[in-house]
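One letter stands for each residue in the lines below.
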Amino acid sequence: MNRSQKLAPEVNRALFVKNLSFAVTPDELFDLFGKFGPIRQIRQGIANNTKGTAFVVFEDVMDAKAACDKLNGFNFQSRYLVVLYHQPEKMAKAASHAQDLAEREVKLEKLKREHGVE
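Residues numbered from 1 in each chain as written. Predicted model: local features only at pLDDT ≥ 70, side-chain atom pairs only at ≥ 80, totals over all residues. Heavy atoms only, no water.

Overview of the packing of aromatic side chains
To be explicit about the condition: Note on ring pairs: Phe, Tyr and Trp rings are taken, using the six-membered ring of Trp, and paired if centres are within 6.5 Å. Classes follow the plane angle, with under 30 degrees stacked, over 60 edge-to-face and the rest tilted. Segments assigned H or I by DSSP are reported as helices when at least four residues long, segments assigned E as strands when at least two residues long, and all are numbered from the N terminus.
Applying the stated rule across the entire model yields one aromatic pair. When the ring of phenylalanine 16 is compared with that of phenylalanine 55, the centres are 5.1 Å apart and the planes differ by 40°; the resulting orientation is tilted. Of this pair, phenylalanine 16 sits in strand β1 (residues 14-18) while phenylalanine 55 sits in strand β3 (residues 54-58); the two residues are 39 residues apart in sequence, bridging distant segments of the chain.

Thoughts on unusual backbone geometry
The condition that has to hold: Any residue under 20% of the maximum accessible area for its type is buried, any over 50% is exposed, and the rest in between are partly exposed; the area is computed with a 1.4 Å probe on protein chains only.
With a phi close to 70°, asparagine 19 is a non-glycine residue in the positive phi region. Summarising the element assignment, asparagine 19 is placed in the loop between β1 and α1 (26-33). Of note, the phi angle at serine 78 is positive, near 65°, even though the residue is not glycine. Tracing the chain through its elements places serine 78 in the loop between β4 (75-76) and β5 (79-80). On the basis of relative accessible area, serine 78 is assigned to the exposed category, the value being 71%.

Topic: the side chain of threonine 53
Basically, it comes down to this: Any N or O atom pair separated by 3.5 Å or less is treated as a polar contact, with the protein-specific requirement of one donor-capable and one acceptor-capable atom, and with residues adjacent in sequence counted only for side-chain atom pairs. The contact criterion used throughout is that any non-hydrogen atoms of two residues lie within 4.5 Å.
Inspection of the secondary structure assignment puts threonine 53 in the loop between β2 (39-44) and β3. A distance of 2.5 Å separates a polar side-chain atom of threonine 53 from the backbone oxygen of threonine 50. Beyond its immediate stretch of four places on either side in the chain, threonine 53 contacts Phe16, Val17, Lys18, Leu20, Arg43, Gln44 and Gly45.

A closer look at α1
This is how it is decided: As used here, the arc is the angular range of directions from the helix axis to the C-beta atoms.
Residues of α1 that are buried: Leu29, Leu32 and Phe33. For α1, the buried positions fall inside an angular range of 85° around the axis, keeping them on one side. In α1, the exposed residues that point more than 90 degrees away from the buried face are Asp27 and Asp31. Against β1, β2, β3, α2 (61-71), β4 and β6 (82-85) lie the buried residues of α1.

Considering the pattern of salt bridges
Short version of the rule: Salt bridge, as used here: a side-chain nitrogen of Lys or Arg that lies within 4 Å of a carboxyl oxygen of Asp or Glu.
Inspection of every chain in the model, using the stated rule, returns three salt bridges. Here glutamate 59 makes a salt bridge to arginine 40, at a shortest N to O gap of 3.0 Å. Within this pair, whereas glutamate 59 is found in the loop between β3 and α2, its partner arginine 40 is found in strand β2, the two being separated by 19 residues in sequence. Among the salt bridges present, the one from aspartate 69 reaches lysine 65, with a minimum N-O distance of 2.7 Å. Taken together, the residues span about one helical turn, with aspartate 69 and lysine 65 both in helix α2 at a distance of four residues. On the basis of relative accessible area, aspartate 69 is assigned to the partly exposed category, the value being 48%.

What to know about the confidence of the model for the chain
Applicable threshold: Predictor confidence is given residue by residue as pLDDT, running from a minimum of 0 to a maximum of 100.
Overall, the predicted model of the chain reaches an average pLDDT of 87, with 83% of residues at or above 70. When pLDDT is averaged over each helix and strand of the chain, the minimum, 75, is found for helix α3 (residues 88-115) and the maximum, 97, for β4.

Brief notes about the environment of valine 17
Positionally, valine 17 belongs in strand β1. When near neighbours in sequence (up to four residues on either side) are disregarded, valine 17 contacts Phe33, Gly52, Thr53, Ala54, Val56, Leu81, Val82 and Val83.

Here you go:
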């Protein structure tokens, strides 16, 4: 693909990677993703709810696109990787939706108590 062709709007330099082994090292990730071009940064999830995930930021969007195209579904350390473009707008929307859901559940419990419903 040459640079004059249009890319999809979600394509960017940052990739979100899921389904990683908890034992994967940063060096192993650099080796795997570095085959597609220079990497600016890799951030691995370390909290209980983010283990097995990482953000990989490439220097060039075309390198990120090649990595996403080739590594999504790739078997790495006996696990099939899920490689997506990082979309902060969708993540923020999902977080606000979760908060809205929690507020609605609190209101529902209050109404159940007021009306004696179990």
